[in-house]
Amino acid sequence: MKRLIKNPEIICKDVDDEKVLLNPQTGEYYGINEVGAEIWTMVNGENDISVIVQNLVRIYEVDRQTLEADVAEFLSALIERNIIKEE
Amino acid sequence: MVKLQNGIADLFIATFVTLRILYYRNALKCRSVEDIILPLKEKRGSWRKRKGSTCDVLNKTHILCRKIQLGLLRAKRPCLVRALVLYEVGLRKGIDIQIVIGVKKNNNKLDGHAWIELAGLPYRENESVKHYTEMIRYPN
């Protein structure tokens, strides 16, 4: 499994009750919800997707398969937008 | 003679602002804000000897941006281009100026805004600018 690493250029700020990620290279910004924020915190250069899913299963009472699919989709969207990358 | 000089100075600003608005509108389609702003530092102070007080030139730039962007170009999101033009003008005049990009939540949607600050104070912005969370500032 590939480790996930944040793009160091990304700026993350709390705006009201959600986190906002700004990519200064593109000027695009994205709001992420509570679960997204948990995932963002776990993208630390050491964890891969399986570790992230394992941690989330402990926090949220949700079917593992559904969670895996949702996390994979979310991470793919972040990779596509150059917010994180796989190493 | 004074009137004529003002006329020429105003024509210069009007031409400059128009061209810069068109330039920034296109530049933002293919370059990042950071890439656009960084080379501008070489222009710092290049208008120090040019006629017209900084306050007057910025004021005219702001009015022109508003008229051109909203009146002629019908821009829906004019703030970033306006901030870039004002930033360049302020920089050329050699003043302490920064460009700020912020985000706020509005009816569950994110709303971005860009403005300039002179000596740390928002320039020609209404009170609502306080509700934006600052994301980035150039130069920081």
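The rules behind the values
- Residues numbered from 1 in each chain as written.
- Chains lettered and ligands numbered in written order.
- Predicted model: local features only at pLDDT ≥ 70, side-chain atom pairs only at ≥ 80, totals over all residues.
- Heavy atoms only, no water.
- Pairing = 2+ DSSP bridges.
- Helix = DSSP H or I, 4+ residues; strand = E, 2+ residues; numbered from the N terminus.
- Buried < 20%, exposed > 50% of the residue type's maximum accessible area, 1.4 Å probe, protein only.
- pLDDT = per-residue confidence, 0-100.
- Salt bridge = Lys/Arg side-chain N within 4 Å of Asp/Glu carboxyl O.
- Axes fitted to C-alpha atoms, helices over the stretch in contact; angles between N-to-C directions.
- Polar contact = N/O pair within 3.5 Å; in protein donor to acceptor, adjacent residues only side chain to side chain.
- Contact = heavy atoms within 4.5 Å.
- Buried area = accessible area lost by both parts, 1.4 Å probe.
- Nonpolar A, V, L, I, M, F, W, Y, C, P; charged D, E, K, R; others polar.
- Parallel < 35°, antiparallel > 145°, perpendicular 65-115°, else oblique.
- Left-handed = near helix turned anticlockwise from the far one by under 90°.

### Considerations on the sheet that holds strand S4 (residues 133-138) of chain B
All names here are of chain B.
Alright, step 1. Strand order across the open sheet formed by four strands is S3-S2-S1-S4, with antiparallel pairing between neighbours. Looking along the sheet, the strands with just one partner apiece sit at the ends: strand S3 (121-122) and S4.
Alright, step 2. Of the pairings in the sheet, the one linking strand S2 (residues 109-118) to S3 comprises two bridges and is antiparallel in character. Its bridge partner lying in S3, Glu117 is registered against Pro122.

### Thoughts on unusual backbone geometry
Note on backbone geometry: most residues besides glycine have negative phi, and most peptide bonds are trans.
All names here are of chain B.
Alright, step 1. Here Tyr138 and Pro139 are connected by a cis peptide whose omega angle stands at -15 degrees.
Alright, step 2. Structurally, Pro139 can be placed in the segment after S4.
Alright, step 3. The backbone of Arg124 sits at a positive phi, close to 50 degrees, despite the residue not being glycine.
Alright, step 4. Given a relative accessible area of 46%, Arg124 falls into the partly exposed group.

### Thoughts on the environment of Lys67(B)
Alright, step 1. Looking at the element boundaries, Lys67(B) is found in helix H3 (residues 54-72).
Alright, step 2. C-alpha separation for the pair Lys67(B) and Glu88(B), spaced 21 residues apart in sequence, amounts to 18 Å.

### Let's talk about the confidence of the model for chain B
Alright, step 1. Averaged over chain B, the pLDDT score is 90; the fraction of residues at 70 or greater is 96%.
Alright, step 2. Both scores are available for the predicted complex, with the pTM at 0.84 and the ipTM at 0.75.

### Regarding the pattern of salt bridges
Two side chains bearing opposite charge may form a pair once their charged atoms approach each other closely.
Alright, step 1. Under the criterion given, the structure shown has 13 salt bridges over all chains.
Alright, step 2. Put simply, Lys105(B) and Glu18(A) hold a salt bridge, and the shortest N to O gap is 3.0 Å. Pair noted here: Lys105(B) is in strand S1 (residues 97-106) and Glu18(A) is in strand S3 (residues 18-23), and the two residues belong to different chains. In terms of burial, Lys105(B) and Glu18(A) fall into one category: buried.
Alright, step 3. Each member of the salt-bridge network shares a partner with another, and the members are Asp17(A), Glu18(A) and Lys105(B).

### Examining the sheet that holds strand S2 (residues 11-15) of chain A
Residue and element names in this part refer to chain A.
Alright, step 1. Strand order in the open sheet made by the three strands is S2-S3-S4, with antiparallel pairing throughout. Of all strands in the sheet, those bounded by a partner on one side alone are S2 and strand S4 (28-32). Averaged over all adjacent pairs, the angle separating strand axes in this sheet is 25 degrees, with direction ignored.
Alright, step 2. For S3 and S4, the ladder comprises five bridges, and the chain directions are antiparallel.

### Section: helix H1 (residues 34-42) of chain A
Alright, step 1. Taken as a whole, H1(A) has its buried residues at Gly36(A), Ala37(A), Ile39(A), Trp40(A) and Met42(A).
Alright, step 2. Its side-chain oxygen at 3.2 Å from the backbone nitrogen of Val35(A), Asn33(A) defines the N-terminal cap of H1(A).

### Thoughts on the interface of chain B and chain A
Alright, step 1. At the interface, 15 residues of chain B touch 17 residues of chain A.
Alright, step 2. Both faces considered, chain B and chain A share a buried interface measuring about 1200 Å² in area, 62% of it formed by carbon and sulfur atoms.
Alright, step 3. On the chain B side of the interface with chain A, the three residues burying the most area are Lys105(B), Leu110(B) and Met135(B), jointly 48% of the side's total.
Alright, step 4. Across the contact surface, chain B and chain A share two salt bridges.
Alright, step 5. Elements with a contribution of two residues or more to the side of chain B that touches chain A: helix H2 (33-37), S1, S2 and S4 of chain B.
Alright, step 6. The leading source of residues in the side of chain B that touches chain A is S4(B), at five residues.
Alright, step 7. Of the residues in the side of chain B that touches chain A, the class split is six nonpolar, three polar and six charged.

### So, the packing of helix H2 (residues 49-59) of chain A against helix H3 (residues 64-80) of chain A
Residue and element names in this part refer to chain A.
Alright, step 1. Remark: H2 packs on H3, axes separated minimally by 10 Å, with the N-to-C direction vectors making an angle of 130 degrees. What the angle tells us is that H2 and H3 run oblique. At the point where H2 passes H3, the crossing takes the right-handed sense. Residues Ile49, Ser50, Ile52, Val53, Gln54, Leu56 and Val57 of H2 form the contact with H3, whose participating residues are Arg64, Leu67, Glu68, Val71, Ala72 and Leu75.
Alright, step 2. Within the contact of H2 with H3, the residues separate by chemical class into nine nonpolar, two polar and two charged.

### Some details on the pairing of S3(A)
All names here are of chain A.
Alright, step 1. Where burial is concerned, most of S3 is hidden: five out of the six residues are buried.
Alright, step 2. Sheet analysis places S2 next to S3, joined by five bridges and oriented antiparallel. Looking at S3, one finds that Cys12 is bridged to Leu21.
Alright, step 3. In this antiparallel pair of consecutive strands, S2 and S3, the connection spans two residues, and Asp16 shows a positive phi of 55 degrees.
Alright, step 4. Between S3 and S4, which pair antiparallel one after the other, the connecting turn spans four residues, and Gly27 there sits at a positive phi close to 80 degrees.

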